[in-house]
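# A look at the structure
Okay, here's what each chain looks like letter by letter:
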Amino acid sequence: GREFVLAYDNMQELPLSPQIYHGNTVPAKKYFYDNVRQCASHVDAVQGYPTRGRVLLLVYPPPGPMALETVEAYANAHPENDTIVYVGEGLGGANADKEFFEYFLGTNGNDVAAERNSKEQQSQLQQKQQQQEQNRHQRQKQTFQWAVVKVMDVLSSPGGKGFEKMFVLKKSCMS
């Protein structure tokens, strides 16, 4: 039968390393989900046939482009890929990056980090802007938009300092 949940991870940022806590240890049996599939790339994980028509669940993605790259790959892989559940902090928080939120808002972020001074950083910024420009052109070809259909509170992290929410987003065709 078809598995209900397909969990993927590159196994590089786990709090309990599978090299130390292997399948015969109590922490692994207690805290690890047995069927996590190892993947080399977050983009590859969402583009294959097994993920067609499934919900993409992003839980506390790290700061940076990973969340947006995953969402774009998921949304563009199959027309049936139309639902994303994002759990994390909002714009300006500890998860994802500005471009991730701008993608759902339909804006762009070409001015991100425009004030960097060093030549190396300026070169990296130019490369990033070129990539953003390519991504924006790709997005302009899309014939869909995203709508937030539900926002829910999540349990606060220890210390109660988090601002996490769960957002359910649905893709709809534009007419």
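Because the structure is a prediction, the values reported are computed rather than measured.

## Topic: the overall build of the protein
Scanning the protein from terminus to terminus reveals five helices and six strands. From first element to last, N terminus to C terminus, the protein shows the α and β order β-α-β-α-β-α-β-α-α-β-β. By residue count, 31% of the 175 residues in the protein fall in the buried class. Relative to all contacts within the protein whose residues are 6 or more apart in sequence, the contacts with residues 24 or more apart total 68%. Put simply, the protein shows about 11800 Å² of open surface, and 53% of that area lies on carbon and sulfur atoms.

## Things to note about the environment of L155
Relative to the helices and strands, L155 resides in the loop between β5 (144–153) and β6 (165–173). Separated by ten residues in sequence, L155 and K165 place their C-alpha atoms 8.7 Å apart.

## Overview of the pattern of salt bridges
On inspection of all chains with the given rule, the structure shows four salt bridges. In this structure, R52 engages E80 in a salt bridge whose closest nitrogen and oxygen atoms are separated by 3.8 Å. Pair noted here: R52 is in the loop between α2 (42–47) and β3 (56–59) and E80 is in the loop between α3 (66–77) and β4 (83–88), with a separation of 28 residues, a long-range link. The partly exposed category is assigned to E80, whose relative accessible area is 40%. Here K165 makes a salt bridge to D153, at a shortest N to O gap of 2.3 Å. Of this pair, K165 sits in strand β6 while D153 sits in strand β5, and the two are twelve residues apart along the sequence.

Calculation notes
Residues numbered from 1 in each chain as written. Predicted model: local features only at pLDDT ≥ 70, side-chain atom pairs only at ≥ 80, totals over all residues. Heavy atoms only, no water. Helix = DSSP H or I, 4+ residues; strand = E, 2+ residues; numbered from the N terminus. Buried < 20%, exposed > 50% of the residue type's maximum accessible area, 1.4 Å probe, protein only. Contact = heavy atoms within 4.5 Å. Areas by Shrake-Rupley, 256 points an atom, 1.4 Å probe, with all protein chains shown as cover. Salt bridge = Lys/Arg side-chain N within 4 Å of Asp/Glu carboxyl O.

Structural measurements only, silent on function.
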